[in-house]
Amino acid sequence: MTFRQFLTRSMILTAFGLLLIVLLIIWSNEFGLFGDASGLKREPVSRDWERWAKYQYTYNYIPANFEGVIWGPSLADNLDPALFENLKVYNASINGGNFTELRIMAENLVTHNRKVKFFIICLDPYLTKDSGRKTGYLSRQDYWSALGSVDLYRYYYDKIRNQYRGTRNYYNEYGHYDFNRYKDKQDVDQAIAAALTKGRRWGTDQFKVTEQAKEDLKAIIDLAHKNDIKVFAYYYPRPYEIYDQKREFYEEMHQDLDPLFNNSDYVWDFNTADYEFFTREHSSYCDHCHLSRQGAEWMVKEIEKHIADRV
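Residue indices begin from 1 for each chain and proceed along its sequence in written order. Restriction of local features to residues with pLDDT of at least 70 applies here, the model being predicted, together with a cutoff of 80 or more for giving and counting side-chain atom pairs; totals for whole chains, interfaces and linings are based on all residues. To obtain the side-chain values, all non-hydrogen atoms of the structure were included, while hydrogens and water were left out.

Here's the deal with the overall build of the protein chain
Going by this rule: Helix and strand definitions here come from DSSP, where helices need a minimum of 4 consecutive H or I residues and strands a minimum of 2 consecutive E residues; each element is numbered from the N-terminal end. Exposed residues in this analysis have more than 50% of their type's maximum accessible area, buried residues have under 20%, and partly exposed residues fall in between, with area computed by a 1.4 Å probe over protein chains only. Contact criterion: two residues are considered in contact whenever any of their non-hydrogen atoms come within 4.5 Å of each other. Accessible surface is estimated by sampling points in the Shrake-Rupley manner with a 1.4 Å probe; for residues, cover comes only from the protein chains shown.
Counting secondary structure elements, the protein chain contains 14 helices and five strands. Taking all 311 residues of the protein chain together, 54% fall into the buried category. Considering only contacts in the protein chain between residues 6 or more positions apart, those separated by 24 or more positions represent 77%. Here the protein chain displays about 15300 Å² of accessible surface, and carbon together with sulfur accounts for 52% of that area.

Right, here's the structure in full:
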């Protein structure tokens, strides 16, 4: 065999191998990217892959299966849409997310939308304190990497490893992230007290509303308006002590964000006196800000009460 023959055969075998891999990926349809995704059930394998996987779902999986989408950071990520009684909703919240990242996902979803009729937007200082993508994910490149890449092979490796170990996934097909499994034993009283002290790391010291965050939120709202998607938004219920410490900031936050919405939108605040029974009760939380299981279940039901007759 000559070198040219060897090179030709090697190239043919390589091309055939790559084609086979792509066909297998299309057949498995791990992210619901191909064909009719109606009825499929897909979930990220871990928190490390949440951004990558949920961005893939905005192409086809979410538009084909859900009528509503929740947008938020980790504060909303443990809301389980499976608990909605009469609404089919996907939780597209991402851990550590901000409005820049949510805007990218929302824009991609609307481009491919078929069924989504309403957005539920979480409003909280965590989403407004910074802007920009926090990882290399959430770009058109992610779509192509799902057809064959190192990331894809690592993803499958984590999935197979989880199945081999019998480790239950933290996610479900509705986008719910069950992080309470490793937070249930935390001392909530201590966490809230620490958040209120000077030198706190995850307390209220970083509360602010950046101009870029406002622009990104406005872009999400305008995107919905232009595509006949209804907008619901709620100010996230921080523990009462934390809210009270930053009451002046929250008033300013309302002045910054409320004008971004119009009369067709429905916006409410879970930090008002009507909800103090919830925000004053530490069992509503699993740490200084995230909801406990019972707190998250209550929130889902309360959100449905607000929007059920308006969708």
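Alright, that's what it looks like, and here's the rest.
Points about the packing of helix α2 (residues 50–57) against helix α5 (residues 99–111)
Our working rule: Note on definitions: angles span 0 to 180 degrees between N-to-C directions of axes, and those axes are lines fitted to C-alpha atoms, for helices only across the stretch in contact. Orientation categories follow fixed angle ranges, with anything under 35 degrees roughly parallel, anything over 145 roughly antiparallel, 65 to 115 roughly perpendicular, and all other angles oblique. Residue polarity follows a fixed list, in which Ala, Val, Leu, Ile, Met, Phe, Trp, Tyr, Cys and Pro are nonpolar, Asp, Glu, Lys and Arg are charged, and the others, Gly among them, are polar.
Taken N-terminus to C-terminus, the directions of α2 and α5 make an angle of 25°; their axes are 9 Å apart at the nearest point. Relative to α5, α2 is oriented roughly parallel. Contact residues: Arg-51, Lys-54 and Tyr-55 in α2; Glu-101, Ile-104, Met-105 and Asn-108 in α5. Counted by class, the contact of α2 with α5 contains three nonpolar, one polar and three charged residues.

Some points on unusual backbone geometry
Even without being a glycine, Leu-138 presents a positive backbone phi close to 70°. As for its placement among the helices and strands, Leu-138 is situated in the loop between α6 (125–128) and α7 (140–145). Positive phi, normally seen in glycine, also occurs at Asp-228, with a value near 55°. Examined against the element boundaries, Asp-228 turns out to sit in the loop between α10 (211–226) and β4 (230–235). Residue Asp-228 is classed as exposed on the basis of its relative accessible area of 70%.

Things to note about the sheet that holds strand β3 (residues 118–123)
Selection rule: Pairing between strands is defined by DSSP: at least two bridges between the two strands are required.
The five strands are arranged β2-β1-β3-β4-β5 in an open sheet whose pairing can be described as parallel. Edge strands, defined here as strands with exactly one partner in the open sheet, are β2 (89–91) and β5 (266–269). In this sheet, neighbouring strand axes are inclined to one another by 15° on average, regardless of whether the strands run parallel or antiparallel. Where β3 lies against β4, six bridges are found, and the strand directions are parallel. What sits directly across from Cys-122, in β4, is Tyr-234. Each of β3 and β4 is contacted by α10, which is oriented at about 165° to β3, the strand it contacts most.

Some thoughts on the pairing of strand β1 (residues 68–71)
The alternating pattern of β1 places Gly-68 and Ile-70 and Val-69 and Trp-71 on opposite faces, both of which are buried. For β1 and β2, the ladder comprises three bridges, and the chain directions are parallel. Its bridge partner being in β2, Ile-70 is matched across the sheet by Asn-91. Looking at chain direction, β1 and β3 are connected through four bridges and run parallel. Within β3, the residue paired with Gly-68 across the bridge is Phe-118.

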